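Below, each chain spelled out in residue letters.
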Amino acid sequence: MSMYGRDPWGGPLEIAADSATDDDRSRNLNDFDRAALSRPLDETQQSWLLGPGEQKKKKYVDLGCIIVSRKIFVWTLATLLAAGFLAGFITLIVKLVPRHHAPHLPPDNYTLALHKALMFFNAQRSGKLPKHNNVSWRGSSCTDDGKDASWTLTKDLVGGYYDAGDAIKFNFPSSFAMTMLSWSVIEYSAKYEAAGELTHVKEIIKWGTDYILKTFNSTADTIDRIAVQVGVGDTSDGNTSPNDHYCWMRPEDIDYIRPVTDCHGCSDLASEMAAALAAASIVFKDNKAYSQKLVHGAGTLFAFGRAQRGRYSTGTEAAIFYNSTSYWDEFVWGGAWLYYATGNSSYLQLVTNPTLAKHAGAFWGGPDYGVLSWDNKLAGAQVLLSRLRLFLSPGYPYEEMLRTFHNQTSIVMCSYLPYYTSFNRTKGGLIQLNHGRPQPLQYVVNAAFLATLFSDYLEAADTPGWYCGPNFYSTDVLRDFAKTQMDYILGKNPKKMSYIVGFGNHYPKHVHHRAASIPKNKVKYNCKGGWKWRDSSKPNPNIIVGAMVAGPDKHDGFRDVRSNYNYTEPTIAGNAGLVAALVALSGDKSFGIDKNTIFSAVPPMFPTPPPPPAPWKP
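Residues numbered from 1 in each chain as written. Predicted model: local features only at pLDDT ≥ 70, side-chain atom pairs only at ≥ 80, totals over all residues. Heavy atoms only, no water.

- The protein appears in an unreviewed UniProt entry as Endoglucanase from Kalanchoe fedtschenkoi.
- Annotation of the protein in UniProt includes, under Catalytic activity (unreviewed entry), the sentence "Endohydrolysis of (1->4)-beta-D-glucosidic linkages in cellulose, lichenin and cereal beta-D-glucans." (UniProt positions renumbered as here; feature names shortened; annotations may be inferred.)

1. So, the overall build of the protein
Right, so step 1: Across its full length, the protein holds 20 helices and 9 strands.
Right, so step 2: Relative to its full complement of 618 residues, the protein shows a buried share of 50%.
Right, so step 3: Contacts spanning at least 24 positions in sequence make up 73% of the contacts within the protein whose residues lie at least 6 apart.
Right, so step 4: Counting only carbon and sulfur atoms, one obtains 57% of the accessible surface of the protein, whose full area is about 30600 Å². (Helix = DSSP H or I, 4+ residues; strand = E, 2+ residues; numbered from the N terminus. Buried < 20%, exposed > 50% of the residue type's maximum accessible area, 1.4 Å probe, protein only. Contact = heavy atoms within 4.5 Å. Areas by Shrake-Rupley, 256 points an atom, 1.4 Å probe, with all protein chains shown as cover.)

2. Observations regarding the pairing of strand E8 (residues 465-468)
Right, so step 1: Of the pairings in the sheet, the one linking E8 to strand E9 (residues 471-474) comprises 4 bridges and is antiparallel in character. Bridging across to E9, Tyr467 finds its partner in Phe472. (Pairing = 2+ DSSP bridges.)

3. So, empty space enclosed by the protein
Right, so step 1: Under the definition given, this model contains 3 cavities of 30 Å³ or more.
Right, so step 2: Roughly 70 Å³ of internal volume is contained in the largest cavity.
Right, so step 3: Lining the largest cavity, in full, are Gln439, Pro440, Leu441, Gln442, Met548, Val549, Ala550, Glu569, Pro570, Thr571 and Gly574.
Right, so step 4: Here the residues of the lining of the largest cavity are counted per class, giving 6 nonpolar, 4 polar and 1 charged. (1 Å grid on protein atoms, 1.4 Å probe; cavity = no way out; pocket = protein on both sides within 12 Å on 5 of 7 lines; lining within 4 Å. Points joined across faces, edges and corners; volume = space filled by probe spheres on them. Nonpolar A, V, L, I, M, F, W, Y, C, P; charged D, E, K, R; others polar.)

4. Overview of the state of the cysteines
Right, so step 1: Scanning the entire structure with this criterion turns up 3 disulfides.
Right, so step 2: A disulfide bridge connects Cys247 with Cys527, and the sulfur atoms are separated by 2.0 Å. Its S-S torsion of approximately -90 degrees makes the covalent link between Cys247 and Cys527 left-handed. Of the two residues, Cys247 is situated in the loop between strand E6 (226-230) and strand E7 (260-263) and Cys527 in the loop between helix H17 (514-517) and helix H18 (531-534); the sequence distance between them amounts to 280 residues. (Disulfide = S-S within 2.5 Å.)

5. Looking at the pattern of salt bridges
Right, so step 1: Under the defined criterion, the tally for this structure stands at 19 salt bridges.
Right, so step 2: The closest approach of N and O atoms between Lys169 and Asp145, which form a salt bridge, is 2.9 Å. Of this pair, Lys169 sits in strand E5 (residues 169-170) while Asp145 sits in the loop between helix H4 (109-123) and E5, placing them 24 residues apart in sequence.
Right, so step 3: The closest approach of N and O atoms between Arg479 and Asp456, which form a salt bridge, is 2.6 Å. Of this pair, Arg479 sits in helix H16 (residues 475-490) while Asp456 sits in helix H15 (residues 441-460), placing them 23 residues apart in sequence. For the pair Arg479 and Asp456, a shared accessibility class is recorded, and that class is buried.
Right, so step 4: What emerges from the salt-bridge pattern is a single network uniting Asp145, Lys169, Asp244 and Arg258. (Salt bridge = Lys/Arg side-chain N within 4 Å of Asp/Glu carboxyl O.)

6. Quick notes on the sheet that holds E7
Right, so step 1: Reading across from one edge, E5-E6-E7 is the order of the 3 strands in this open sheet, with antiparallel pairing throughout. Of all strands in the sheet, those bounded by a partner on one side alone are E5 and E7.
Right, so step 2: In the sheet, E5 pairs with E6 via 2 bridges, with the strands oriented antiparallel. Residue pairing across strands places Lys169 opposite Val230, the latter belonging to E6.

7. Some points on the packing of aromatic side chains
Right, so step 1: In total, this model carries 31 aromatic pairs according to the counting rule given.
Right, so step 2: Measuring from ring centre to ring centre gives 5.9 Å for Trp183 and Trp337, while their planes differ by 85 degrees; the resulting arrangement is edge-to-face. Pair noted here: Trp183 is in helix H5 (residues 171-194) and Trp337 is in helix H10 (residues 328-342), with a separation of 154 residues, a long-range link.
Right, so step 3: Accessibility expressed as a relative area gives 0% for Trp183, which makes it buried. (Phe/Tyr/Trp six-rings, centres within 6.5 Å; stacked < 30°, edge-to-face > 60°.)

8. Some remarks on the environment of Gly265
Right, so step 1: Its place among the elements puts Gly265 in the loop between E7 and helix H7 (267-283).
Right, so step 2: Since its relative accessible area comes to 26%, Gly265 is described here as partly exposed.
Right, so step 3: Taking the C-alpha atoms as reference points, Gly265 and Thr314, separated by 49 residues in sequence, lie 9.5 Å from one another.
Right, so step 4: If sequence neighbours within four positions are ignored, Gly265 has contacts with Phe304, Gln308, Arg309, Gly310, Arg311 and Tyr312.

9. Observations concerning unusual backbone geometry
Right, so step 1: A cis amide bond, omega 5 degrees, links Tyr396 with the succeeding residue Pro397.
Right, so step 2: You will see that Cys142, though not glycine, has its phi angle at about 50 degrees, which is positive.
Right, so step 3: In this fold, Cys142 is placed in the loop between H4 and E5.
Right, so step 4: In this structure, Gln439 takes a positive phi of about 60 degrees despite not being glycine.
Right, so step 5: Of note, Gln439 is situated in the loop between helix H14 (399-416) and H15.
Right, so step 6: Its relative accessible area of 24% is what places Gln439 among the partly exposed residues.

10. Quick look at the packing of helix H13 (residues 378-391) against H15
Right, so step 1: Relative to each other, H13 and H15 sit at 5 degrees, their axes nearing to 10 Å. Between H13 and H15, the interaxial angle falls into the category roughly parallel. Facing H13, whose interface residues are Ala379, Gly380, Val383, Arg387, Leu390 and Phe391, H15 presents Leu450, Leu453, Phe454, Tyr457, Leu458 and Ala460.
Right, so step 2: Of the residues belonging to the contact of H13 with H15, the class tally is 10 nonpolar, 1 polar and 1 charged. (Axes fitted to C-alpha atoms, helices over the stretch in contact; angles between N-to-C directions. Parallel < 35°, antiparallel > 145°, perpendicular 65-115°, else oblique.)

11. Regarding the side chain of Asp145
Right, so step 1: Residue classification places Asp145 among the buried positions, given a relative accessible area of 3%.
Right, so step 2: In this structure the side chain of Asp145 is engaged in a polar contact, spanning 2.9 Å, whose partner is the side chain of Lys169.
Right, so step 3: Reaching out from Asp145, the side chain makes a polar contact with the side chain of Arg258 at a distance of 2.8 Å.
Right, so step 4: Non-local contacts of Asp145, meaning those with residues more than four positions away in its chain, are made with Ser126, Lys155, Asp156, Leu157, Val158, Lys169, Val230 and Arg258. (Polar contact = N/O pair within 3.5 Å; in protein donor to acceptor, adjacent residues only side chain to side chain.)

12. A look at the packing of H7 against helix H8 (residues 288-307)
Right, so step 1: Two elements in contact, H7 and H8, have axes whose closest approach is 8 Å; the angle formed by their N-to-C orientations is 160 degrees. The angle between the axes of H7 and H8 places the two elements in the roughly antiparallel class. As H7 runs across H8, the sense of the crossing is left-handed. On H8, the residues that touch Ser267, Ala270, Ser271, Met273, Ala274, Leu277, Ala278, Ala280 and Ser281 of H7 are Ser291, Leu294, Val295, Gly297, Ala298, Leu301, Phe302, Phe304 and Gly305.
Right, so step 2: For the contact of H7 with H8, the class distribution of residues is 12 nonpolar, 6 polar and no charged. (Left-handed = near helix turned anticlockwise from the far one by under 90°.)

What follows is the structure, encoded as structure tokens:
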């Protein structure tokens, strides 16, 4: 009978009693040992085969807080040293190898012109100038403004901007300029920041709004009058009294009396001032105290304009220079801005009232339909309210009128295109928005801004274009229109002349501007003493960088003469539109508009859902 056991190496072991001789056993054992030792043994097998005194010992390293295997310690240390050497070697290579950066693209012409166009406002500042004004030939001026005996509301009307080449401060075009600049900042703050001009343009706006707040009782809830202008310029009927048109002298040297004109029924001016303050309150929304001050002033002005009806220029000298034809368009414009600034739906109800829109001329064409200017705000208001429909779509009861404004905006945009005959063009391609009358460029830049802005609105709303009758046009067509017009102003015209002073190599040198035409040579020229500079055929001694002149005539002709303001006089209203158009076209198109900032104060259009029920408790 045989017995079976287990071979520890896996095979069966048969044990037979006395079946082999001693020699056989010895030979079998030798064979057995050779087979067993022909492969390495693991630790378990070694411990089974070897005695306690023969067991293999592991070595350890005592690190104080922990004891680790010496083998693991050596491998870890070697790995760390190798990684450190490799990192140092890579760092050395990176530092020693010469770097080849992709060259930055040079700024486009619109950005370059933007830098200069903003400098014009520094040259137009009145009052005590800041040290960083950066116009070497300008200084503090007219620091007694407001001390006229006939003006008793406040004795401080220092500051603000001279409107053009003279030294009068007209609040109507100045307020429009601040509204336009604020609008451009609200929509394109990222582009201003990319150009390094955001702080600068906000300083320009604040200089204007600080002054507007001085022209009425801005702390009161109700007012009965506002200042219209400081200074006079009427030289009709042979008037030879020293004033801001008869005299030709640096503003810093003015020593004659500058009267203050006020009004008690001026709906257009009050509403435009309200628009400026309301728009600026959005620009300065991060400065809560100042923003609220602007909003309060805007509401007070608008209420005054609605209560005391009348045109500000009626029976005043302003009718000669900045005559207002209506105040209904300012009601729509100012009301729209106040809605955005406050979120108060009463303003939206007002501006979407069909009767108000009818009085503003929204339902009829007319030769100036679609032309945005310091006098006519309707086209701007239509675009502004189209924005509300595109992005918030408030629905009933506002939808019908908002849709009408949107459709009217589409028609205005169609009228800008060369395929339609609403406006003629010069042979050089300049659109004649003022139908061949002088000083065309101020209207062109406003249209270029509106066209680019509406194009960006549509793209932000994922809309590829719009219809003009049966024809569908891409948003690129609007941008191309704006570029064509702005390129004309920058020098792509029959005269090969830039109409922005300081831009390019060929630009007007005889700008109709008192401060620029008289040297800063420590000589004070009296009222008539400066006439020799006015009538000189020599170029201005001071370059008024960034000033956009009035522009060419309807035949693309231009006379660079100081005496003809229809060609060579710049204005802040015109330059504000220029800045807005340039920033809209500048830089990378991917920046687009800021969709949300303008709605910061607007509450949700629809009621918020009720809160979830409280958790159930047993």
